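Tertiary structure, described
Here is what each chain is made of, one letter per residue.
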Amino acid sequence: AAGVIQSPRHLIKEKRETATLKCYPIPRHDTVYWYQQGPGQDPQFLISFYEKMQSDKGSIPDRFSAQQFSDYHSELNMSSLELGDSALYFCASSRTGSREQFFGPGTRLTVL
Amino acid sequence: AQSVTQLDSQVPVFEEAPVELRCNYSSSVSVYLFWYVQYPNQGLQLLLKYLSGSTLVKGINGFEAEFNKSQTSFHLRKPSVHISDTAEYFCAVSDVSGNTGKLIFGQGTTLQVKP
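Residues numbered from 1 in each chain as written. Chains lettered and ligands numbered in written order. Predicted model: local features only at pLDDT ≥ 70, side-chain atom pairs only at ≥ 80, totals over all residues. Heavy atoms only, no water.

1. Quick look at the overall build of chain B
Regarding its fold elements, chain B presents zero helices and twelve strands. Whereas a compact globule of 115 residues would reach a radius of gyration of roughly 13 Å, chain B reaches 14 Å, a difference of no more than 12%. Its C-alpha atoms give chain B principal-axis dimensions of about 45 × 30 × 20 Å. In chain B, which comprises 115 residues, the proportion classed as buried is 47%. (Helix = DSSP H or I, 4+ residues; strand = E, 2+ residues; numbered from the N terminus. Rg over C-alpha atoms; globule rule 2.2 N^0.38 Å. Buried < 20%, exposed > 50% of the residue type's maximum accessible area, 1.4 Å probe, protein only.)

2. Details of the pairing of strand S4 (residues 23-26) of chain B
Residue and element names in this part refer to chain B. Only one face of S4 is buried: it carries Cys23 and Tyr25, and the other face, with Asn24 and Ser26, is open. Relative to S4, strand S1 (residues 3-6) is paired through four bridges, and the arrangement is antiparallel. Its bridge partner lying in S4, valine 4 is registered against tyrosine 25. (Pairing = 2+ DSSP bridges.)

3. Digging into the interface of chain A and chain B
Of the residues lining the interface, 20 residues belong to chain A; the matching set on chain B comes to 23 residues. When chain A packs against chain B, the two sides together hide about 1600 Å² of surface, and 53% of this comes from carbon and sulfur. Interface area lost by chain A to chain B is led by A:Arg99, A:Glu100 and A:Phe103, which between them contribute 39%. Seen at the junction of chain A and chain B, the total is two salt bridges. In this structure, A:Glu100 engages B:Lys49 in a salt bridge whose closest nitrogen and oxygen atoms are separated by 3.1 Å. Our count for the contact surface shared by chain A and chain B stands at seven residue pairs in polar contact (both at pLDDT 80 or more). Secondary-structure elements contributing two or more residues to the side of chain A that touches chain B are strand S4 (31-37), strand S5 (44-50), strand S6 (53-57) and strand S9 (87-94) of chain A. With three residues, S4(A) is the single largest residue contributor to the side of chain A that touches chain B. (Contact = heavy atoms within 4.5 Å. Buried area = accessible area lost by both parts, 1.4 Å probe. Salt bridge = Lys/Arg side-chain N within 4 Å of Asp/Glu carboxyl O. Polar contact = N/O pair within 3.5 Å; in protein donor to acceptor, adjacent residues only side chain to side chain.)

4. Notes on the nonpolar core
One finds B:Trp35, B:Leu48, B:Leu76 and B:Tyr89 to be the most contacted residues of the largest nonpolar core, which totals 28 residues. Judged by nonpolar contacts, the second largest core, of 22 residues, contains A:Ala19, A:Val32, A:Trp34 and A:Val111. (Core = buried A, V, L, I, M, F, W, Y, C linked by side-chain atoms within 4.5 Å.)

5. Brief notes about the state of the cysteines
All names here are of chain A. Within the structure shown, the criterion is met by two disulfides over all chains. Disulfide pairing is shown between cysteine 23 and cysteine 91; the S-S distance is 1.7 Å. Because the sign of the S-S torsion sets the handedness, a value of about -50° for the bond joining cysteine 23 and cysteine 91 places this disulfide among the left-handed ones. Note that cysteine 23 is positioned in strand S3 (residues 19-24) and cysteine 91 in strand S9, a separation of 68 residues in sequence. You'll find cysteine 23 and cysteine 91 in the same group, each marked buried. (Disulfide = S-S within 2.5 Å.)

6. Looking at the environment of A:Arg63
All names here are of chain A. Residue placement: arginine 63 occurs in the loop between S6 and strand S7 (64-68). Along the sequence, arginine 63 and phenylalanine 49 sit 14 residues apart, while their C-alpha atoms lie 18 Å from each other. Each residue touching arginine 63, except ones within four places of it in the same chain, is listed here: Asn77, Met78, Ser79, Ser80, Leu81, Glu82 and Asp85.

7. Notes on the layout of surface pockets
Of the voids in this model, the largest pocket is the one considered here, and its volume is about 370 Å³. If you go around the largest pocket, you meet 24 residues; those closest to its centre are A:Gln37, A:Gly38, A:Pro39, A:Gly40 and B:Gln38. Taken together, the elements giving at least two residues each to the lining of the largest pocket come down to S9 and strand S11 (107-111) of chain A together with strand S10 (87-95) of chain B. Here the lining of the largest pocket is built from residues that sort into eight nonpolar, 14 polar and two charged. (1 Å grid on protein atoms, 1.4 Å probe; cavity = no way out; pocket = protein on both sides within 12 Å on 5 of 7 lines; lining within 4 Å. Points joined across faces, edges and corners; volume = space filled by probe spheres on them. Nonpolar A, V, L, I, M, F, W, Y, C, P; charged D, E, K, R; others polar.)

Take a look at the structure:
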C-alpha cells in the first residue's frame, strides 16, 4: 500500500540558511499535518492543511511557512535556521471523515 | 485545551512477561485516543485507536487498550512481550469536535524488553 513520502530524508544546513521539506500524502488523502519532534521529545503539532487551505496552526515559528498544492503535496519552508530547529519533521495525512493519521518516515534536519 | 501524561518514561520488562503502559489525559471536551509506536530512526505507526463504542480496543501486534472515561485513562497492555516490541510508545488525543484532528502527544514511554 502507498504510504506518505517525505523528502529529503536527511538534511544538513548552516545557521541562517533556508530549508524546504516536502510531503506527498497517500493518494486520495486531502489533509496534511506537520509535526516537529526534538531530540528525546514528543511530536509537536506545527500546522495542517485541508483541501489546500490552512486548517489549523500550532507552535510554528514565524520563520516557517507552509502550503498545500493542487496535487495535495505540501511543503514546509524554514528560513533563518537556528540550532534549535534541529529535529525530526514528520508529515502525516488523512482523508475526509477519518481521524486516523498516517505518518511519513520523517525528515531529519540538522542545523550546524 | 488537551494534555496527555504518560506516567512512566521507561518501562523495562523481561521477554514473555506482560506489560502495561499508562496514559492519562485531560480535556474539557470529548476526545479520540490513540497509541502510536516509534521504532528507532523510524516514523510513527498507529497501534490502535478509540473513537467510540466498546471501551476495550484491540490493535496490531497483540496490543490492546481500555478507555476509562471516569479515570480519563487509556492504558496500553500486552500479555506477553517480545524483544521486537522494544520501542518508544506515544499516547495521543484529538478533539472530537475540532475541525482539524491535530494530535496532542504524551511525552512517550520507552519499552525495553530484555531477554
